[in-house]
Amino acid sequence: MTTPTDPAATPEHDDSHLDGHTLDQLSDYLDADMTPPNPEIDSSPTCQIALASLRRVRAASALLLDADAEHESALEDGWFDRILNAISLDFHAGRSIPVPNPSSSAVITTTEGAIRGLIRAAGDTVHGLLVGRCTLDGEITTQGAPIRIRVDASVYWGRPIPETATQLQEAISLALSTQTELNVTAIDVTVHDIYRP
Amino acid sequence: MTIDAAHDTHGIADVVKAVPGITSLYSAHPGLVTLASRALEKAAATPMIDGPIAVTDTSIKIRVGIDHTRSTAEIGTAVYRAVHNHLNTLPRQYDQTIRIEIASIR
C-alpha cells in the first residue's frame, strides 16, 4: 500500500503546473459542468488532461461508493486524495517525442503528457482498476529509441490481480502500437493498492 | 501588403481544424494561455499573437489535440500536408519549418 503524499510537495499546490490553475479550480469547473466556458482552461491541453483524470477518478470513486455507501468517509479521506496526488504529477506536457514524417520541412512531435493520457484512456477499457502514475523510461526524444512503460494501478477488491494486470498491459500495448510509433520494449504494471468498499 | 503565413494565421487555423481527427487547436504561443486579457493585449504588440498559430521567421508552430481514429503520424502528416498546400496558395512563398505538436489524444 502507498503512503499519503506530502501535500505541500505535490504539484496541485503549484499554480504554474496546470497552466495557472489548481486542481481545486478544475474540480469546481467540473462541478459547474464547465459552464460558463473558461477559455483559458478549454484551450489548455494540460488542463484538459487533468480534467479527464478528474472525471476518471470521480467515476471510479462513485463506483466504489455505490458498492457500499457507509464507507464513504474512509474512502474519500484516503483513496481519492492519494490517487489525485499521484496522477497530478503526470499532467504536465513533459518531453517532446518525435513523430516520423515524410517531409524535411516539417517537425511533428507528441508530448509525453499526451502519451500518458493515451495510456490512462487504455486503462479505462479494463474493468476493475484505475491507472495511477505512469512514466516513460528511455530516450524518448530520440526517434525509435527503446522505451519502457511503468504504470501504477489500483485494483478493486474481488478482481484477480494477475489477470487484470495482464489485461491492462494488453490494452496499453494495443493503444500505443495503434496510435504511436513508439518502440515499446516493456510495459511494467505495479498494483500498489487494493480497495475494498 | 504581401500575404504570407504571418498574415494568414486564421487561414492556417481553419485548414488545421478541417483535418479529420483534429479535436482541438491549442495556442502555440508559450505561456500566453494563462495571461490575463490586458497582458494579452500588450503581448499582441509582438507580431503574430493573433489566433493560436505562432509564426516567426523560422517556424510556423501548431499545437493540436487528436482523436483515436488514426495514428499520430497519420494525423500529423495530414496536418502538415494541409498547411503546406494552403501556404502554397498564398502570394508569398513560405520558407519556415512547420512544427506540429500533438498535445492531447482523446
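This one's a predicted model, so the numbers in the text were calculated from it and none came from an experiment.

Peer 1: Whenever I open this one, the overall build of chain B confuses me. Can you help?
Peer 2: Per the secondary structure count, chain B includes three helices and four strands. If you list the helices and strands of chain B from N to C, you get α-β-α-β-β-α-β. Of all 106 residues assigned to chain B, the portion counted as buried reaches 50%. By sequence separation, contacts in chain B at least 24 residues apart represent 76% of the contacts at least 6 residues apart. Split by element, the accessible area of chain B, about 5,300 Å² in all, is 52% carbon and sulfur.

Peer 1: Got a minute to help me understand empty space enclosed by the protein in this structure?
Peer 2: Summary: where empty space remains is shown by rolling a probe the size of a single water molecule over the atoms. For the structure shown, the criterion picks out two cavities of 30 Å³ or more. Roughly 60 Å³ of internal volume is contained in the largest cavity. As for the largest cavity, its lining consists of Ile97(A), Pro98(A), Val99(A), Pro100(A), Thr110(A), Ile115(A), Thr180(A), Glu181(A), Leu182(A) and Thr72(B). Among the elements that line the lining of the largest cavity, the one with the most residues is strand β1 (residues 96-99) of chain A, at three residues. Residue composition of the lining of the largest cavity, by class: six nonpolar, three polar and one charged.

Peer 1: Please clarify how the pairing of strand β5 (residues 183-195) of chain A should be interpreted in this entry.
Peer 2: Each regular strand shows side chains that alternate between the opposite faces of the sheet. All names here are of chain A. Bridge analysis of strand β4 (residues 146-156) against β5 gives eleven bridges, and the strand direction is parallel. Across the sheet, residue isoleucine 147 finds its bridge partner in β5, namely valine 184. With respect to chirality, the unit in which β4 leads through helix α6 (residues 161-179) into the neighbouring parallel β5 is right-handed.

Peer 1: Would you mind showing me how to read helix α1 (residues 9-17) of chain B here?
Peer 2: Residues that lie three or four places apart on an α-helix share one face, since the helix turns once every 3.6 residues. Those residues of α1(B) that sit buried are Thr9(B), Gly11(B), Ile12(B), Ala13(B), Val15(B) and Val16(B). For α1(B), the elements touching its buried residues are β1 (22-26), β2 (54-55), β3 (59-66) and α3 (72-87) of chain B.

What counts and what doesn't
- Residues numbered from 1 in each chain as written.
- Chains lettered and ligands numbered in written order.
- Predicted model: local features only at pLDDT ≥ 70, side-chain atom pairs only at ≥ 80, totals over all residues.
- Heavy atoms only, no water.
- Helix = DSSP H or I, 4+ residues; strand = E, 2+ residues; numbered from the N terminus.
- Buried < 20%, exposed > 50% of the residue type's maximum accessible area, 1.4 Å probe, protein only.
- Contact = heavy atoms within 4.5 Å.
- Areas by Shrake-Rupley, 256 points an atom, 1.4 Å probe, with all protein chains shown as cover.
- 1 Å grid on protein atoms, 1.4 Å probe; cavity = no way out; pocket = protein on both sides within 12 Å on 5 of 7 lines; lining within 4 Å.
- Points joined across faces, edges and corners; volume = space filled by probe spheres on them.
- Nonpolar A, V, L, I, M, F, W, Y, C, P; charged D, E, K, R; others polar.
- Pairing = 2+ DSSP bridges.
- Right-handed = clockwise from strand over helix to strand, strands pointing away.

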